[in-house]
Amino acid sequence: MSSTTGTTTVITNIATLVTNDPSLGDGSPLGLIRDAAVVIDGHRVAWTGESSKAPATDNRVDAGGRAVIPGFVDSHSHLVFAGDRTEEFNARMSGRAYSAGGIRTTVAATRAATDAQLEANLTRYLAEALRQGTTTFETKSGYGLTVEDEARALRIAAAHTDEVTYLGAHIVSPDYAEDPAAYVALVTGEMLDACAPYARWIDVFCEKGAFDGDQARAILTAGKAKGLHPRIHANQLTYGPGVQLAVELDAASADHCTHLTDDDVDALANSATVATLLPGAEFSTRAEWPDARRLLDAGVTVALSTDCNPGSSFTSSVPFCIALAVRDMGMTPDEALWSATAGGARALRRDDIGRLSPGAYADLALLDAPSHVHLAYRPGVPLVTEVWRRGLRVS
Ligand code: NIG
Ligand code: FE
């Protein structure tokens, strides 16, 4: 095969290849190809098909009958933080309820940390995620809550990913406990100006104990005016206005979606807003699961992500979330895999990731298993044995 970059590589002898391109293979949403091969030209996929029909390339890699899937797209994490919340988790597992207020513990630790400490923590969790097959991740600020601390969190994050989210509106800063309106003015004014250059997205925690619907609308609208695209923490702990607001503002994603009315589900089904489900949070807060089946049956686009953060979901493992979604949220293994790859890409409004068909980035994972179904069938087993990003083996 002639190359546009100088080097072509074929990965052959793939037992099951998930392309997420329904025009390929078995024609299902996963576009499954058996006995498959993938040809990589530089950073991108150049060809996928049956192994026996693969074109000649410069390099050849034998997958040895393993499955190949697109790299996971983890579209929701909070990785710029310091400290941990082991005691809070311990207390919760002894019966105490989760509340937004625990975020203050991490805010204090994060403010006290140096830039180098925050960066070291971030890179540690990114490496952990990469080893488990995550090739794209979004991450947020939200544990600084001052102009300087939010801007530095985003600056540090932006050195490691393009998918950076300004979450100055995580909770009302403890410094403004008596005057939430003044904090909203800061988040939509000076703090937004300092943060916008580093971020693609703006997010708000719309929840009891955080920000109400009117405050959330004001915050997201101000972000849009500065060129940031909205996404929103919605309907996690209780029913509320977050999902409707996400649809009203054409947010890329409404995240959590644990408590939904029929009107919320209808609104999502008739919108371009993805419902991003975060089962690590329900696991770690012993809360009721989001109902993925109800959303899928209504025609909503569903993404699955980790929500990795030290409070409500301290896991970087997308395979773990897939297993939970299949066991407890009514998803089939195929749906869960799609949601953790193509669904994550939709939640980030990207079409160059989350699929393995010509033109997409060559971001992929090899599983020590004959198919992706084993991610749920063999929960807790480290099946990801090799990870490629932008056409290079990275793990
Ligand atoms: O997505 N919901 C708000 N933010 C995080 C929790 C953060 C924390 O508890 O530190 C979440 O679950
Ligand atoms: Fe979150």
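Residues numbered from 1 in each chain as written. Chains lettered and ligands numbered in written order. Predicted model: local features only at pLDDT ≥ 70, side-chain atom pairs only at ≥ 80, totals over all residues.

Colleague: How should I be thinking about the overall build of the chain in this particular structure?
Modeller: In terms of helices and strands, the chain carries 14 helices and 18 strands. Relative to a compact globule of 395 residues, whose C-alpha radius of gyration would be 21 Å, the chain shows 21 Å and is just as compact. Dimensions of the chain, computed from C-alpha atoms along their principal axes, come out at roughly 70 × 40 × 40 Å. A total of 395 residues make up the chain; the buried ones form 56% of that total. (Helix = DSSP H or I, 4+ residues; strand = E, 2+ residues; numbered from the N terminus. Rg over C-alpha atoms; globule rule 2.2 N^0.38 Å. Buried ≥ 20, exposed ≤ 12 C-beta atoms within 10 Å, placed from the backbone.)

Colleague: Explain the site of ligand 1 here, please?
Modeller: Around ligand 1 lies a shell of 13 residues, among which I103, F205, N309, G311 and S312 are the nearest. A breakdown of the residues in the shell around ligand 1 according to their chemical character gives 3 nonpolar, 9 polar and 1 charged. (Near = placed C-beta within 6 Å. Nonpolar A, V, L, I, M, F, W, Y, C, P; charged D, E, K, R; others polar.)

Colleague: Got a minute to help me understand unusual backbone geometry in this structure?
Modeller: Trans is the common state for peptide bonds, and a negative phi is the common state for residues other than glycine. Of note, the phi angle at D35 is positive, near 45°, even though the residue is not glycine. Structurally, D35 can be placed in strand β2 (residues 32-41). Note on D35: 15 C-beta atoms within 10 Å, which makes it partly exposed. You will see that R349, though not glycine, has its phi angle at about 50°, which is positive. For R349, the location among the structural elements is in the loop between α13 (333-347) and β16 (364-367).

Colleague: How should the UniProt feature "domain: Amidohydrolase-related" (unreviewed entry) in the chain be read in this particular structure?
Modeller: In this structure's numbering, the residues bearing the UniProt feature "domain: Amidohydrolase-related" (unreviewed entry) are residues 254-369. Segment residues 254-369 splits into 40% helix and 12% strand. End C-alpha atoms: 33 Å apart. (UniProt positions renumbered as here; feature names shortened; annotations may be inferred.)

Colleague: Mind showing me how you'd approach the packing of helix α12 (residues 318-328) against α13 here?
Modeller: Between α12 and α13, the least distance of the axes is 9 Å, while the angle of their chain directions is 140°. Of the possible angle classes, the one that applies to α12 and α13 is oblique. Once α12 is placed against α13, the crossing between them reads as right-handed. Between α12 and α13, the residues in contact are V318, C321, I322, A325 and V326 and P333, A336, L337 and A340, respectively. Within the contact of α12 with α13, the residues separate by chemical class into 9 nonpolar, no polar and no charged. (Axes fitted to C-alpha atoms, helices over the stretch in contact; angles between N-to-C directions. Parallel < 35°, antiparallel > 145°, perpendicular 65-115°, else oblique. Left-handed = near helix turned anticlockwise from the far one by under 90°. Contact = placed C-beta atoms within 7 Å.)

Colleague: Explain the UniProt feature "binding site: Zn(2+)" (unreviewed entry) in the chain to me, please; I cannot follow it from the model alone.
Modeller: As annotated in UniProt, the feature "binding site: Zn(2+)" (unreviewed entry) corresponds to H76, H78, H233 and D307 in the numbering used here. In sequence the annotated residues extend across 232 residues, while in space they remain close, none of their C-alpha pairs exceeding 12.1 Å. With respect to the helices and strands, the residue H233 is situated in strand β12 (residues 232-234). Of the residues examined, H233 has 31 C-beta atoms within 10 Å and is grouped as buried. Once residues lying within four places of it in the same chain are set aside, the contact partners of H233 are D203, V204, F205, C206, E207, D255 and H256.

Colleague: Explanation requested: helix α3 (residues 115-131) in the structure shown.
Modeller: At 3.6 residues per turn, the α-helix brings residues three or four places apart onto the same side. Between its first and last C-alpha, α3 extends 24 Å over 17 residues, near the 24 Å set by a 1.5 Å rise per residue. Along α3, the positions that sit buried rather than exposed are L118, N121, L122, Y125, A129 and L130. Each buried residue of α3 lies within a common arc of 165° when the element is viewed along its axis, so the set occupies one face. In α3, those exposed residues whose orientation departs by more than 90 degrees from the buried face are A116, A120 and R124. On the buried face of α3, the contacting elements are β6 (72-74), β7 (134-137), α4 (147-158) and β17 (384-389). In the segment just after α3, G133 is the residue with positive phi, at about 105°. (Expected span 1.5 Å × (residues − 1). Arc of directions from axis to C-beta.)

Colleague: What am I meant to see in the domain arrangement of the chain here?
Modeller: When the parts come together, some accessible area is lost, and that loss is often what is quoted as the size of the interface. Domain boundaries in the chain define domain 1 (8-71 + 354-393) and domain 2 (73-347). Between domain 1 and domain 2, the C-alpha centre-to-centre distance is 30 Å. With 21 residues of domain 1 at the interface, the matching set in domain 2 holds 20 residues. Counting only elements with at least two residues in the side of domain 1 that touches domain 2, the list comes to β5 (67-70), α14 (374-377) and β17. (Domains from an automatic or database assignment.)

Colleague: Please clarify how the nonpolar core should be interpreted in this entry.
Modeller: Nonpolar side chains in soluble globular proteins tend to end up buried together. If you look at the biggest cluster of nonpolar residues, it comprises 123 residues, and the most contacted ones within it are V68, I232, I322 and A325. Per-domain counts for this core show at least three residues from each of domain 1 (8-71 + 354-393) and domain 2 (73-347). (Core = buried A, V, L, I, M, F, W, Y, C linked by C-beta atoms within 7 Å.)

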